[in-house]
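Examination of the molecular architecture
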Amino acid sequence: MAKSKTIQESNEPKLLLNGKEKNSEVSEVHQLTPHQIVQELDKYIIGQNEAKRSVAIALRNRFRRQKVEGPLRNEIMPNNIIMIGPTGVGKTEIARRLAKLSGAPFIKVEATKFTEVGYVGRDVEAMIRDLVELSVGMVRLEQSEIVAEKARQLAEERVLDILLPPLRKGTPSKKNQSFGFSKPEDQSEVSDSVDLEGEITVDAAEAELNDRSREKMRDRLRAGKLDDRTIELEITGESPAMMQILGPFGPVEDLGNLMQDIVGGLPKRRKKRRVTIAEAKVILAQEETQKLIDMDAVVKEAIKRVEEAGIVFIDEIDKIATAGGASGGRGGPDVSREGVQRDLLPIVEGSTITTKYGMVKTDHILFIASGAFHISKPSDLIPELQGRFPIRVELKSLTEDDFFKILTQPENALIKQYTALMKTENLELEFSEDGVRTIASTATRVNESVENIGARRLHTIMTTLLEDLMFDIPEKMPSGKVVINRELVEKRLNTIVQDRDLSRYIL
C-alpha cells in the first residue's frame, strides 16, 4: 500500500545538544584579544581606559583558563574587579556592553535589593539562581534556532493532517464512508472493501490520488493562500496565573518559586481553539520545537556555562558598606548591610548553590562590583570581602571634552538617536560643532553647580533643548531642516542654567 512520506514517519533522531559544538560560539568571542575587546568597548564608552583594560584582561583570562590542561586549571581563580567612581561615568555601561560582547551568561544585580538571611527581602543566592535561569534561556534559544526548520516542517504536516487526513490502514476510504447512510444495512453496498479480518483497506490508486491532493495542498499552504482559513486546533492551555504570595511585608520569593515549580510539574490542560492557519503554524511550530529540544542536555550545558564563564555584575555595592568600617556603625540597618556582605562572601570566594536545575559551583564565576563610594569607601567593606576583589579600578569624572565625544563618537550617540527620531517626522536635524560644544559646556557647568550625575546630564539637557521642537512636530512645524547651533542652544538653556533653583528641577 502506498504511503505519503511525512516528517512524522522519518526515523531521524531528535536533534540533541552538542556541548562542544555550542561552546565554540562562546569561544570565538573569548578569542578576542584584550586590545580587540577594548576597541569594541571604545565604540560605546568614552575614556575610562584603565577600567576597559581591566575587564578586557579578565575576559581574556576566562579563555586562557579553559586552555590550561590538568588539575592546575581548577586552581586558577578569577580576579574579581571593583570599579570605583561617581555616577554616570560609565561603570554600568561597561558591564552592559561586556555582557553583549562576552556571549556568556551575565546578570546585573543591585546590591541594595539583597538583605541578610532572616530579614525580609532577597537573599544573595538568588543572583546565582537568576544567572542559571538566564543561561538556560540562552541555550534553549540557541537550540530553538537549530531545530526551527525541522519544527516548521512538522507543524506543516500537522496542519495538513487537519486539512486532509492521510489515508492509512484502518481508515475508511471515500467510497466506504457512510455519506448520509443512516442505517447499518444501507452500507452493505460497500462491504466488499472490508477484508476477511475486518480491517478496512485502501485502494492503491486512491492512496496515490490522496498523496497528489496532499502535495497540492502543501504548495498552497507554503504559498500562504490558506493563511486566512480557520481550523480547529487542540493546544496546551496556559497555566492559571499564580497569585502573588505575600508575607507580612512583601512577596515571599522562595515560596512563590516553589509553588511555581509544583504547578509547572502538573499536566497541562488541553483545549480546543479556532484559529487561522497562519496562527496555527506558529503555535504548532512552538510545540514541535519544545519536543525536539532535549532539556536535560540544555540544563547540563547551561550549568556548565555558568560555572565556566558566568559573570555577575553587582552594582551599588557601596550601599551595603558601613561608613566608618565594620566597627563604625551599629544597630539598625547597618547590621543588615554587614550581614549582606557576610552572606555574599562565600558566594564570591566559591561555594555550591542549590537551584531548581541542580547544584551550581561559583568558584570560577567572575564578579564585577561597582559603587560611587560618596559616603563610604572601599575599605569600609569587611576585610574578607575586600580580599575577594583584588583588582580595583578608579573611574574618573567626565570633562567637557569627554561630553563632546560622548555626544558625537559612540555608535549610539545621543545626537544620532535624536536625529533618527526626528527623521521619522521628515525633519532633518543638523548639529553644528559649536552647538555641540555649547551643549557639552552646559552639561559640565550644571554638574559642577548642582549635582554631578555624569553623562546622564546629557539626556536631560538634550530633552530640554529639543522639547519645543519635538512637541510642535508635525502639527505646528513643517518638515525640513533645523540647524542646532550655538545661538539656539544658549537661547534655550542659558536662562535655566543661570537660575540654580530652576535648574535643580529641570536639569
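Residues numbered from 1 in each chain as written. Predicted model: local features only at pLDDT ≥ 70, side-chain atom pairs only at ≥ 80, totals over all residues. Heavy atoms only, no water.

**Remarks on the overall build of the protein**
Secondary structure summary: the protein contains 20 helices and 11 strands in total. For the protein, with 507 residues in total, the buried portion stands at 42%. The contacts in the protein between residues at least 6 apart in sequence include a share of 80% that link residues at least 24 apart. Accessible area for the protein stands at about 28300 Å²; split by element, carbon and sulfur atoms hold 51% of it. (Helix = DSSP H or I, 4+ residues; strand = E, 2+ residues; numbered from the N terminus. Buried < 20%, exposed > 50% of the residue type's maximum accessible area, 1.4 Å probe, protein only. Contact = heavy atoms within 4.5 Å. Areas by Shrake-Rupley, 256 points an atom, 1.4 Å probe, with all protein chains shown as cover.)

**So, the packing of aromatic side chains**
Counted according to the given criterion, the structure contains zero aromatic pairs. The residue whose ring lies beneath Arg-97 is Tyr-44, and the NZ or CZ to ring-centre distance is 3.8 Å. The positively charged end of Arg-437 is found above the aromatic ring belonging to Phe-404, 3.7 Å away from the centroid. (Phe/Tyr/Trp six-rings, centres within 6.5 Å; stacked < 30°, edge-to-face > 60°. Lys NZ or Arg CZ within 6 Å of the ring centre and 35° of its normal.)

**Describing unusual backbone geometry**
With a phi angle near 60 degrees, Glu-316 is a residue other than glycine that sits in the positive phi range. Turning to its location among the elements, Glu-316 is positioned in the loop between strand 5 (311-315) and helix 12 (333-349).

**Describing the packing of helix 2 (residues 34-42) against helix 5 (residues 91-102)**
One way to put it is that helix 2 packs onto helix 5 with a least axis distance of 10 Å and a crossing angle of 120 degrees. In terms of axis orientation, helix 2 runs oblique to helix 5. Here the hand of the crossing between helix 2 and helix 5 comes out right-handed. Contacts from Ile-37, Glu-40 and Leu-41 in helix 2 reach Ile-94, Arg-97, Leu-98 and Leu-101 in helix 5. Class assignment for the residues of the contact of helix 2 with helix 5 results in five nonpolar, no polar and two charged. (Axes fitted to C-alpha atoms, helices over the stretch in contact; angles between N-to-C directions. Parallel < 35°, antiparallel > 145°, perpendicular 65-115°, else oblique. Left-handed = near helix turned anticlockwise from the far one by under 90°. Nonpolar A, V, L, I, M, F, W, Y, C, P; charged D, E, K, R; others polar.)

**Brief notes about helix 11 (residues 295-309)**
For helix 11, which comprises 15 residues, the first-to-last C-alpha distance of 20 Å matches the rise-based estimate of 21 Å (1.5 Å per residue) to within 8%. For helix 11, the complete set of buried residues consists of Ala-297, Val-298, Val-299, Glu-301, Ala-302, Ile-303, Arg-305, Val-306 and Ala-309. You can read the cap of helix 11 off the contacts: a side-chain oxygen lies 3.2 Å from the backbone nitrogen of Asp-296, and it is on Asp-294. (Expected span 1.5 Å × (residues − 1). Polar contact = N/O pair within 3.5 Å; in protein donor to acceptor, adjacent residues only side chain to side chain.)

**Describing the nonpolar core**
Ranked by internal contacts, the top residues of the largest apolar core, which has 51 residues, are Ile-368, Leu-429, Phe-431, Ile-439, Met-462 and Leu-466. Of the residues forming this core, the biggest block, five residues, is contributed by helix 3 (residues 49-67). Once residues lying within four places of it in the same chain are set aside, the contact partners of Met-462 are Leu-407, Leu-414, Ile-415, Tyr-418, Phe-431 and Ile-439. Residues Ile-82, Ala-321, Leu-345 and Ile-365 belong to the second largest nonpolar core, which totals 44 residues. (Core = buried A, V, L, I, M, F, W, Y, C linked by side-chain atoms within 4.5 Å.)

**What about the sheet that holds strand 5?**
Read from one edge to the other, the open sheet built from five strands follows the order 2-5-8-1-9, with strand pairing classed as parallel. Each end of this open sheet is capped by a strand with a single partner; those strands are strand 2 (106-110) and strand 9 (391-394). For this sheet, the mean inter-axis angle between neighbouring strands, taken without regard to orientation, is 15 degrees. On the sheet, helix 5 packs against strand 1 (81-84), strand 2, strand 5 and strand 8 (366-371) and is oriented at approximately 165 degrees with respect to strand 5. (Pairing = 2+ DSSP bridges.)

**Concerning the packing of helix 7 (residues 148-163) against helix 10 (residues 277-292)**
At a minimum axis separation of 8 Å, helix 7 and helix 10 run at an interaxial angle of 125 degrees. Comparing the axis directions of helix 7 and helix 10 gives the class oblique. Two packed elements cross with a definite hand, and for helix 7 against helix 10 that hand is right-handed. Every residue of helix 10 that contacts helix 7 at Lys-150, Ala-151, Leu-154, Ala-155, Arg-158, Val-159 and Leu-163 is listed here: Ile-277, Lys-281, Leu-284, Ala-285, Glu-287, Glu-288, Thr-289, Lys-291 and Leu-292.

**Section: the environment of Met-477**
In this fold, Met-477 is placed in the loop between helix 18 (467-472) and strand 11 (480-484). Along the chain, Met-477 and Leu-427 lie 50 residues apart, while their C-alpha atoms are 9.4 Å from each other. Not counting the four nearest positions on each side in its chain, Met-477 is found in contact with Leu-469, Asp-472 and Val-482.

**A look at the environment of Glu-215**
When you line up the elements, Glu-215 lands in helix 8 (residues 204-222). It is 9.4 Å that separates the C-alpha atoms of Glu-215 and Leu-160, two residues lying 55 residues apart in sequence.

**Some remarks on the pattern of salt bridges**
Tallied over the entire structure, the rule returns 35 salt bridges. Of the charged contacts, one joins Glu-349 and Arg-388 as a salt bridge, the two residues approaching to 3.1 Å between their closest N and O atoms. With Glu-349 in helix 12 and Arg-388 in the loop between helix 13 (383-387) and strand 9, the pair connects residues that are 39 residues apart, well separated along the chain. Judged by its relative accessible area of 35%, Glu-349 falls in the partly exposed class. A relative accessible area of 36% means that Arg-388 is categorised as partly exposed. Here Asp-380 makes a salt bridge to Lys-377, at a shortest N to O gap of 3.7 Å. The class for Asp-380 is buried, based on a relative accessible area of 4%. The exposure class assigned to Lys-377 is partly exposed, which follows from its relative accessible area of 45%. One salt-bridge network, held together by shared partners, links Glu-149, Arg-152, Glu-156, Glu-157, Asp-161, Arg-214, Glu-215, Arg-218 and Arg-222. (Salt bridge = Lys/Arg side-chain N within 4 Å of Asp/Glu carboxyl O.)

**Concerning the confidence of the model for the protein**
Put simply, the protein has an average pLDDT of 77, and 74% of its residues get 70 or more. Per-residue pLDDT stays below 50 along residues 1-29; that stretch engages in 48 contacts with residues further than four places along the chain or on separate chains. Counted against residues more than four places away or in other chains, residues 326-333, with its pLDDT under 50, gives eight contacts. (pLDDT = per-residue confidence, 0-100.)

**Points about the pairing of strand 10 (residues 427-431)**
Side-chain positions along a regular strand alternate between the two faces of the sheet. Taking every second residue as pointing to the same face, the buried face of strand 10 carries Leu-427, Leu-429 and Phe-431, while none of Glu-428 and Glu-430 on the other face is buried. Pairing of strand 10 with strand 11 involves five bridges; the strand directions are parallel. Looking across to strand 11, one finds that Phe-431 is bridged to Ile-484.

**Considerations on the side chain of Arg-97**
Inspection of the secondary structure assignment puts Arg-97 in helix 5. A polar atom in the side chain of Arg-97 sits 2.9 Å from the side chain of Glu-93. When near neighbours in sequence (up to four residues on either side) are disregarded, Arg-97 contacts Leu-41, Tyr-44, Ile-45 and Asn-412.

**Here's the deal with helix 2**
Three or more residues of helix 2 are buried, namely Ile-37, Val-38 and Leu-41. Projected down its long axis, helix 2 carries its buried residues within an arc of 100 degrees, all on one side. Among the exposed residues of helix 2, those oriented more than 90 degrees off its buried face are His-35 and Gln-39. Packed against the buried residues of helix 2 are helix 3 and helix 5. (Arc of directions from axis to C-beta.)

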